[in-house]
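Below, each chain spelled out in residue letters.
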Amino acid sequence: MDVTFTYTITGTQTVDGQVCYRVVSSGGQHVTLWINKATALPVKTINQEFGIVTTYHWQVPRDQAPASLWPSPPAGFTQHKVAF
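Note that the structure is predicted; figures quoted are calculated from it, not measured. (Residues numbered from 1 in each chain as written. Predicted model: local features only at pLDDT ≥ 70, side-chain atom pairs only at ≥ 80, totals over all residues. Heavy atoms only, no water.)

Engineer: Can you break down the overall build of the chain residue by residue, with the values?
Structural biologist: For the chain, the helix and strand inventory stands at zero helices and five strands. Counting helices and strands in the order they occur from the N terminus, the chain gives β-β-β-β-β. Within the span of the chain, comprising 84 residues, buried residues form 13% of the whole. Looking at the chain alone, contacts between residues at least 24 apart form 9% of all its contacts between residues at least 6 apart. Put simply, the chain shows about 7200 Å² of open surface, and 58% of that area lies on carbon and sulfur atoms. (Helix = DSSP H or I, 4+ residues; strand = E, 2+ residues; numbered from the N terminus. Buried < 20%, exposed > 50% of the residue type's maximum accessible area, 1.4 Å probe, protein only. Contact = heavy atoms within 4.5 Å. Areas by Shrake-Rupley, 256 points an atom, 1.4 Å probe, with all protein chains shown as cover.)

Right, here's the structure in full:
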């Protein structure tokens, strides 16, 4: 069974203090999606068919290198290489 979804921008709304596009689906499941106008990231979705609400939270990027996100080994830790 093939189902075709159509998404339509139906206007703008402020959600959680963010100005968003309101996008509504038709065909198949009925979903409303709010997309932040400035970042194009999703803010919230509501699936009317199943009553599922999802709220998205995005962190501001930091000026740290990815390696700095890993914790340092504890004091006294010794690395051993294993040969296979």
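Having seen the structure, we can now continue with the description.
Engineer: Kindly report on unusual backbone geometry, identifying the contributing residues and their values.
Structural biologist: Only a minority of non-glycine residues have a phi that is not negative, and only a minority of peptide bonds are not trans. One non-glycine residue with positive phi stands out, namely aspartate 16, at about 50°. With respect to the helices and strands, aspartate 16 occurs in the loop between β1 (6-15) and β2 (18-26). Since its relative accessible area comes to 51%, aspartate 16 is described here as exposed. Backbone geometry at alanine 40 places phi at a positive 65°, although glycine is not the residue there. Its place among the elements puts alanine 40 in the loop between β3 (31-36) and β4 (42-47).

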